[in-house]
There are 2 protein chains.
Amino acid sequence: MTSASIIGFAALKEEVRQRIASREWPPGSLIPNEQEIALEFGCSRSTVNRALRELAESGLLERKRKAGTRVALTPVRKATFSISIIRQEIERAGEKYSYLLIDRQHIKPPTLIQKLWRLGESDKILHVKSLHLGSSRPFALEDRWINTIEVPSALDADFENDSANEWLVKNAPFSHGEISFSSQNSTASDSKYLDVTEGSALLLLERSTWSNKIPITSVRLCYRPGYRLIATI
Amino acid sequence: MTSASIIGFAALKEEVRQRIASREWPPGSLIPNEQEIALEFGCSRSTVNRALRELAESGLLERKRKAGTRVALTPVRKATFSISIIRQEIERAGEKYSYLLIDRQHIKPPTLIQKLWRLGESDKILHVKSLHLGSSRPFALEDRWINTIEVPSALDADFENDSANEWLVKNAPFSHGEISFSSQNSTASDSKYLDVTEGSALLLLERSTWSNKIPITSVRLCYRPGYRLIATI
DNA sequence: TAGTGGTCTAGACCACTTG
DNA sequence: AAGTGGTCTAGACCACTAA
């Protein structure tokens, strides 16, 4: 056993990752229990627990009480990526952010949203359409519904200068959300705003967010061709 | 102060999320320190630490020693999604998985990969092209390079029955990776295999993985139109 | 029923950062 | 210099589950 005597949970995670990568602990195998690992590395069980727990959360290990800890046989790995305000994303890329409000209406939503959000049949909510630009080039087209039944103060915002994206982040923090990625050929309307050929492949991001189970907003973002979203494993 | 007296780290996380959502702790504000929260909820500082640490990891809080813990002003939220073997993904959707090997060659890679992986100029590696199908309908087109300098045993696999995807998961576990999403119009070749109109918008997923800083494989997956990848916040 | 991980505690020391 | 979070420890009890 090669084992450092002084070790923290982070170093231990790295060591476990290496043992798995080197196949010293091959996929599907049972690894020593927390107590034994703690003994080997001269640290406490809490430290081992944190290291193994985090590796399990990322999908590399599978843990069961009594059965012990196994290297995942067919790992369902988890990848994470950051969602920031679009302005920040553009500015981080070193470009100048600008923003254009295309449309803002207080109207009845499509049936899908009406049912999903359990709105009354005559309830009107806010629909906002806008364009985000980086160095004056179209970056992403935003189409958003805001649940003004739950966030009535959004009706007071005109979204002329600050995007709905930004307003919501600051005024209606959400607790949970769901994002879906897909792709779609650019429609005539998309093409006009994004300044691309009709039919271009666009990356489509649809996001719904809730605050304590109350729906807040649902947004559809069409990114300009060439945009890449990066995630790490 | 409304506070439960018996509480675990998970309940505490939920409580903090609610206080943020309800704007009792608005964006940018300083929240009480760990000791104070522990006192309020009648638990130990360790428990508070775990709750707040995890919320900070997910981007909702910002923590600094001495400065304390703040509700993120412009939260850079983190979303996570699972990456499983394509076979599993198809089977979970209740479809029958099948697989077609299109091409397998031991050749010199493109310059980009040669440099990125620091290969010799005459090094040959493995290139595998294949199609994943769900209930006999094309699901995703896979184009993969495998670093056989580091994983020579891949040369012994013929990938006729088991996909390279699956073989690698079981034989060359990776420790880190990067994924990028983009979209692309279907080429003539893509269209042939995926059975779609040329020019259709395809979701493109490119993934590179490493095992202890050693590049293992780089894959480009083109999903059939209509495919959605879901992530949660 | 016994073994394993999951959580919690009380306390400690340290690292970092702001004033 | 002092206050805060970051980590670690030794120990405890509990929850789950395979045998």
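Scroll up to find the structure this text is about.
Predicted, not measured: the structure shown is a model, and the values here were computed from it.

(A) Seen up close, the pairing of strand S6 (residues 125-134) of chain A. All names here are of chain A. The element S6 is extensively covered by neighbouring structure, given that 10 of its 10 residues are classed as buried. Direction of pairing for strand S5 (residues 97-107) relative to S6: antiparallel, over a ladder of 10 bridges. By the bridge assignment for S6, Leu100 is matched with Leu131. Where S6 meets strand S7 (residues 137-146), nine bridges bridge the pair, whose relative direction is antiparallel. Across the sheet, Leu133 pairs through a bridge with Pro138, a residue of S7.

(B) Spotlight on the environment of Ser208(A). Residue and element names in this part refer to chain A. Within the secondary structure layout, Ser208 lies in strand S9 (residues 201-211). For Ser208, a relative accessible area of 18% puts it in the buried group. In this structure, the C-alpha to C-alpha distance between Ser208 and Ser22, residues 186 residues apart in sequence, is 41 Å. Apart from residues no more than four positions distant in its own chain, Ser208 is found in contact with His176, Gly177, Glu178, Thr217 and Ser218. Engagement of the side chain of Ser208 in a polar contact is seen with the side chain of Ser218, the distance being 3.1 Å.

(C) Geometry of the relation of the copies chain B and chain A. Note on the identical chains: chain B maps onto chain A by a rotation of 180 degrees and an axial translation of 0.0 Å, with an RMSD of 0.0 Å. The symmetry that links the two subunits is that of a two-fold axis. Same-surface contact between copies: 100% of interface residues of chain B are shared with the interface of chain A.

(D) The arrangement of the interface of chain B and chain A in detail. In this complex, chain B contributes 57 residues to the contact, which on the side of chain A involves 57 residues. At the boundary of chain B with chain A, total buried surface from both sides reaches about 5000 Å², with 53% on carbon and sulfur atoms. In terms of surface lost to chain A, no three residues of chain B exceed Arg77(B), Phe181(B) and Ile233(B), which account for 12% of the buried area on that side. Across the chain B-chain A interface, the total number found is two salt bridges. In this structure, Arg228(A) and Glu206(B) form a salt bridge, with 2.7 Å as the shortest nitrogen-oxygen distance. On inspection of chain B and its partner chain A, the count reaches 24 residue pairs in polar contact (both at pLDDT 80 or more). Elements that contribute at least two residues to the side of chain B that touches chain A include exactly helix H1 (9-21), helix H3 (45-57), strand S4 (77-83), helix H6 (164-171), strand S8 (176-185), strand S9 (201-211) and strand S11 (229-232) of chain B. Considering each element in turn, the side of chain B that touches chain A owes the most residues, 10 residues, to S8(B). Partitioned by chemical class, the residues of the side of chain B that touches chain A number 24 nonpolar, 20 polar and 13 charged.

(E) How the structure looks around the packing of aromatic side chains. All names here are of chain B. Overall, the coordinates contain 12 aromatic pairs over all chains when judged by the stated rule. Aromatic side chains Phe139 and Tyr227 sit 5.5 Å apart centroid to centroid with 85 degrees between the ring planes, which places their arrangement in the edge-to-face category. Taken together, the residues span a long stretch of sequence, with Phe139 in strand S7 (residues 137-146) and Tyr227 in the loop between strand S10 (214-223) and S11 at a distance of 88 residues. For the pair Phe139 and Tyr227, a shared accessibility class is recorded, and that class is buried. Ring centres of Tyr223 and Tyr227 lie 4.0 Å apart, and the angle between their planes is 10 degrees; on these two criteria the pair is classed as stacked.

(F) Highlighting the protein's contact with DNA strand C. In the vicinity of DNA strand C, 23 residues are found, and the nearest of them are Arg45(A), Arg63(A), Gly8(B), Ser44(B) and Thr47(B). When the atoms of DNA strand C within 4 Å of the protein are grouped by moiety, sugar and phosphate amount to 64% of the total. A distance of 2.7 Å separates a phosphate oxygen of DNA strand C from a polar atom in the side chain of Ser44(B). Of all the secondary-structure elements, those providing two or more residues to the surface near DNA strand C are helix H3 (45-57), strand S2 (61-64) and strand S3 (68-71) of chain A together with H3 of chain B. Ranked by residues supplied to the surface near DNA strand C, first place goes to H3(B) with four residues. Split by residue class, the surface near DNA strand C holds two nonpolar, nine polar and 12 charged.

(G) The layout of surface pockets, seen in detail. Space inside the largest pocket adds up to approximately 980 Å³. As for the largest pocket, its lining consists of 29 residues, of which Glu57(A), Ser58(A), Thr80(A), Glu57(B) and Thr80(B) are closest to the centre. Elements that contribute at least two residues to the lining of the largest pocket include exactly helix H1 (9-21), H3 and strand S4 (77-83) of chain A together with H1, H3 and S4 of chain B.

(H) Structural context of the protein's contact with DNA strand D. Near DNA strand D there are 24 residues, and of these Gly8(A), Ser44(A), Thr47(A), Arg45(B) and Arg63(B) occur at the shortest range. Between DNA strand D and the protein, one listed contact pairs a phosphate oxygen with a side-chain N or O atom of Asn33(B) at 3.4 Å. The separation between a phosphate oxygen of DNA strand D and a polar side-chain atom of Arg63(B) is 2.6 Å. Mapped by element, the contributors of at least two residues to the surface near DNA strand D are H3 of chain A together with H3, strand S2 (61-64) and strand S3 (68-71) of chain B. Class assignment for the residues of the surface near DNA strand D results in three nonpolar, nine polar and 12 charged.

(I) Fine view of the sheet that holds S3(A). All names here are of chain A. Taken together, three strands build an open sheet; the order of strands is S1-S3-S2 and the sheet is antiparallel. The strands lining the two open edges of the sheet, one partner per strand, are strand S1 (30-31) and S2. Note: S1 against S3, two bridges, orientation antiparallel. Paired with Ile31 across the two strands is Thr69, which belongs to S3.

(J) Spatial organisation of unusual backbone geometry. Residues and elements named next belong to chain A. In the Ramachandran plot, Lys66 falls in the positive-phi region, its phi being about 70 degrees despite a non-glycine side chain. Its place among the elements puts Lys66 in the loop between S2 and S3. A positive phi angle, close to 60 degrees, is found at Phe159, a residue other than glycine. Locating Phe159 in the fold gives a position in the loop between S7 and helix H6 (164-171).

Rules used throughout
- Residues numbered from 1 in each chain as written.
- Chains lettered and ligands numbered in written order.
- Predicted model: local features only at pLDDT ≥ 70, side-chain atom pairs only at ≥ 80, totals over all residues.
- Heavy atoms only, no water.
- Buried < 20%, exposed > 50% of the residue type's maximum accessible area, 1.4 Å probe, protein only.
- Helix = DSSP H or I, 4+ residues; strand = E, 2+ residues; numbered from the N terminus.
- Pairing = 2+ DSSP bridges.
- Contact = heavy atoms within 4.5 Å.
- Polar contact = N/O pair within 3.5 Å; in protein donor to acceptor, adjacent residues only side chain to side chain.
- Least-squares fit on C-alpha atoms with pLDDT ≥ 70 in both.
- Buried area = accessible area lost by both parts, 1.4 Å probe.
- Salt bridge = Lys/Arg side-chain N within 4 Å of Asp/Glu carboxyl O.
- Nonpolar A, V, L, I, M, F, W, Y, C, P; charged D, E, K, R; others polar.
- Phe/Tyr/Trp six-rings, centres within 6.5 Å; stacked < 30°, edge-to-face > 60°.
- Near = heavy atom within 4 Å.
- 1 Å grid on protein atoms, 1.4 Å probe; cavity = no way out; pocket = protein on both sides within 12 Å on 5 of 7 lines; lining within 4 Å.
- Points joined across faces, edges and corners; volume = space filled by probe spheres on them.

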